[in-house]
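# Analysis of the macromolecular model
Here's the letter readout for the chains.
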Amino acid sequence: MTVNHGPAGPRGAERSVVELLGRHEALTRSQLARLAQLPLSTVAGATARLLARGLLQEAPGPAAKEARGRGRPAARLRLARHATLVGAVVITHRVARAGLVSTEGQVFGRFETPYDWMQCPDIVAESVRLLARARDDARSTAPMSGVVLGLPVPYRQGAGLSMLAPAPDPVPADRPPMSAWLFRDVAPDLTRAFGVPASVDNVCNLAALGELAFGAARGRRHVIHLHLVTGMGAGLIVNGQLVRGANGLAGELSHLHVDSVGPMCRCGARGCLGVIATTDHLLEAARPLFGPDVSIYDVLGLAAQGEATVRRVLDDFGRLVGSHLAPACVMLNPEMIVVDGTLGPAAAPVIEGLHDGLRRHMPAGAYRALALTLGRLADDAELLGAAHLAQTTNAAARGLMLP
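Here's a quick rundown of the structure. Since this is a predicted model, take the numbers as computed values, not measurements. (Residues numbered from 1 in each chain as written. Predicted model: local features only at pLDDT ≥ 70, side-chain atom pairs only at ≥ 80, totals over all residues. Heavy atoms only, no water.)

Next up on the list: the nonpolar core. Ranked by size, the top nonpolar core spans 50 residues in total, and within it Ile91, Leu149 and Leu151 carry the most contacts. Broken down by element, the residue count for this core peaks at 6 residues, all from helix H4 (residues 123-138). In this structure Ile91 touches Ala96, Tyr115, Trp117, Ile123, Leu130, Leu149, Gly150, Leu151, Pro152 and Val203, once residues within four positions along its chain are discounted. With 42 residues, the next largest nonpolar core counts Ala234, Cys329, Ile337 and Ala347 among its residues. (Core = buried A, V, L, I, M, F, W, Y, C linked by side-chain atoms within 4.5 Å. Buried < 20%, exposed > 50% of the residue type's maximum accessible area, 1.4 Å probe, protein only. Helix = DSSP H or I, 4+ residues; strand = E, 2+ residues; numbered from the N terminus. Contact = heavy atoms within 4.5 Å.)

Take a look at the structure:
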């Protein structure tokens, strides 16, 4: 069961501590508790965790006397001088999300806005703007050690967008505009803009790395992460390493062949999974009952409330995905499939359908070795995956080995 700790829970308390210490040189635990309006025990736990991860340190010099009495003066805490953050910008088909993230898995500043990435003329300038808003939210002046940009398209490292089909010649007049920056590697431009190493990757890959490093797949070596809510895709982890494929097309779940007489897909093939099982199809099934303006988040909310029709639709969706994912599971033999954490409480019928589809189309031994679980990080998965990617990329550049 996922527990939402709320503003005063562990994550909220840690964030409050970091925000306060970003505005003050050093504070005692009692001062932090008073300024944050949190119980001293909550602040003590938060500071202990932050100290253990090296994000805080004790400040030199005596503390101001806080109360009458004798005994050792209370220790003052400050942000660790060496602490740095990773700037993460994640672009999905629905929103842009930016965060300042520690390599220990904490999001200290966050900004999100509805976004149409295909209308963006300059992704570097947008990344600067979005991360400035995240820094405002964090109220932190800690330096960034790296920047990672996540995009909702197949991406080939060092080259840019990996095309699923040749561009038509001539280009149709009604084709939506496509930003020129997609067709080249913008990582060097990001490095120049921020003055730190930069990487670009697919959002499904980042989500998989997030769950591997900090979430449901921690400690696993062979994992498929299913990205299902804001687009359909997968991140593949084999022997603990992210698999991108020769052209960055590994994990393109939406382009698995499903129906030879199905509708045409933008990749040029007919009957791809992404045109058969999409959020639009889920909405079409829900609109007769819940009205034309029902959104995917309405559908998920209704499923979480136990609405039977919606749960059947999500079960069918999971079964369809599972039946066509089964051959990949036979080939890769993963030990775990992590299902998109943004499904939240609505995940149960999707996972039930996935189980049924996989069980019917896999050898019994391979199926029994496979665990299905809901992601733990929800929409923080890509941000935390960006931090892990930056850490491993920087370590590789320095010739270090990370676990």
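On we go.
Take the sheet that holds strand E15 (residues 371-374) next. Pairing is mixed in the open sheet, where 5 strands are placed in the order E13-E12-E11-E14-E15. The outermost strands of the open sheet, each flanked by one partner alone, are strand E13 (241-243) and E15. Between one strand axis and the next, the sheet turns by 25° as a mean value, whatever way the strands run. Bridging between strand E12 (residues 233-238) and E13 involves 3 bridges; their strand directions are antiparallel. (Pairing = 2+ DSSP bridges. Axes fitted to C-alpha atoms, helices over the stretch in contact; angles between N-to-C directions.)

We now examine the pattern of salt bridges. Overall, the coordinates contain 16 salt bridges when judged by the stated rule. Asp315 is the partner of Arg319 in a salt bridge, and the nearest nitrogen-oxygen pair spans 2.4 Å. Here Arg319 pairs with Asp315, and both are found in helix H10 (residues 308-332), just 4 residues apart, close to one helical turn. Judged by relative accessible area, which is 28%, Arg319 ranks as partly exposed. When the shortest N-O distance is used, the salt bridge between Asp356 and Arg359 registers 2.9 Å. With Asp356 and Arg359 both in helix H11 (residues 347-361) and 3 residues apart, the pair spans about one turn of that helix. By relative accessible area, which is 43% here, Arg359 ends up partly exposed. Bridged by salt links that share partners, the residues Arg97, Arg110, Glu112, Asp379, Asp380 and Glu382 form one connected network. (Salt bridge = Lys/Arg side-chain N within 4 Å of Asp/Glu carboxyl O.)

Glancing now at the environment of Leu354. The residue Leu354 is located in helix H11 in this model. Each C-alpha atom of the pair Leu354 and Ile337 lies 9.8 Å from the other, and the pair is 17 residues apart in sequence. Aside from chain neighbours lying at most four places away, what touches Leu354 is Leu226, Gly318, Arg319, Val321, Gly322, Val339 and Leu372.

Along strand E11 (residues 223-227), 5 of the 5 residues are buried, which leaves the element largely enclosed by surrounding structure. Direction of pairing for E11 relative to E12: antiparallel, over a ladder of 5 bridges. Along E12, the bridge assignment pairs Ile224 with Leu236. Counting the residues in the hairpin turn of E11 and E12 gives 5 residues, including Gly231, whose phi is positive at 105°. Relative to strand E14 (residues 336-339), E11 runs parallel, the two sharing 4 bridges.

Counted residue by residue, strand E10 (residues 198-202) has 5 buried out of 5 residues, so it is predominantly covered. For strand E7 (residues 144-151) and E10, the ladder comprises 5 bridges, and the chain directions are parallel. Pairing of Val147 across the sheet is with Ala198, part of E10.

Attention now goes to H4. When the terminal C-alpha atoms of H4 are compared, their 22 Å separation across 16 residues agrees well with the 22 Å that a helix rising 1.5 Å per residue should span. Buried residues of H4: Ile123, Val124, Glu126, Ser127, Leu130, Leu131, Ala134 and Ala138, and no others. Seen end-on, H4 carries its buried residues on one side only, within an arc spanning 150°. The backbone nitrogen of Val124 has a side-chain oxygen 3.1 Å away, supplied by the residue at the start of H4, namely Asp122. Among the residues trailing H4, Arg139 stands out with phi positive, at a value near 55°. (Expected span 1.5 Å × (residues − 1). Arc of directions from axis to C-beta. Polar contact = N/O pair within 3.5 Å; in protein donor to acceptor, adjacent residues only side chain to side chain.)

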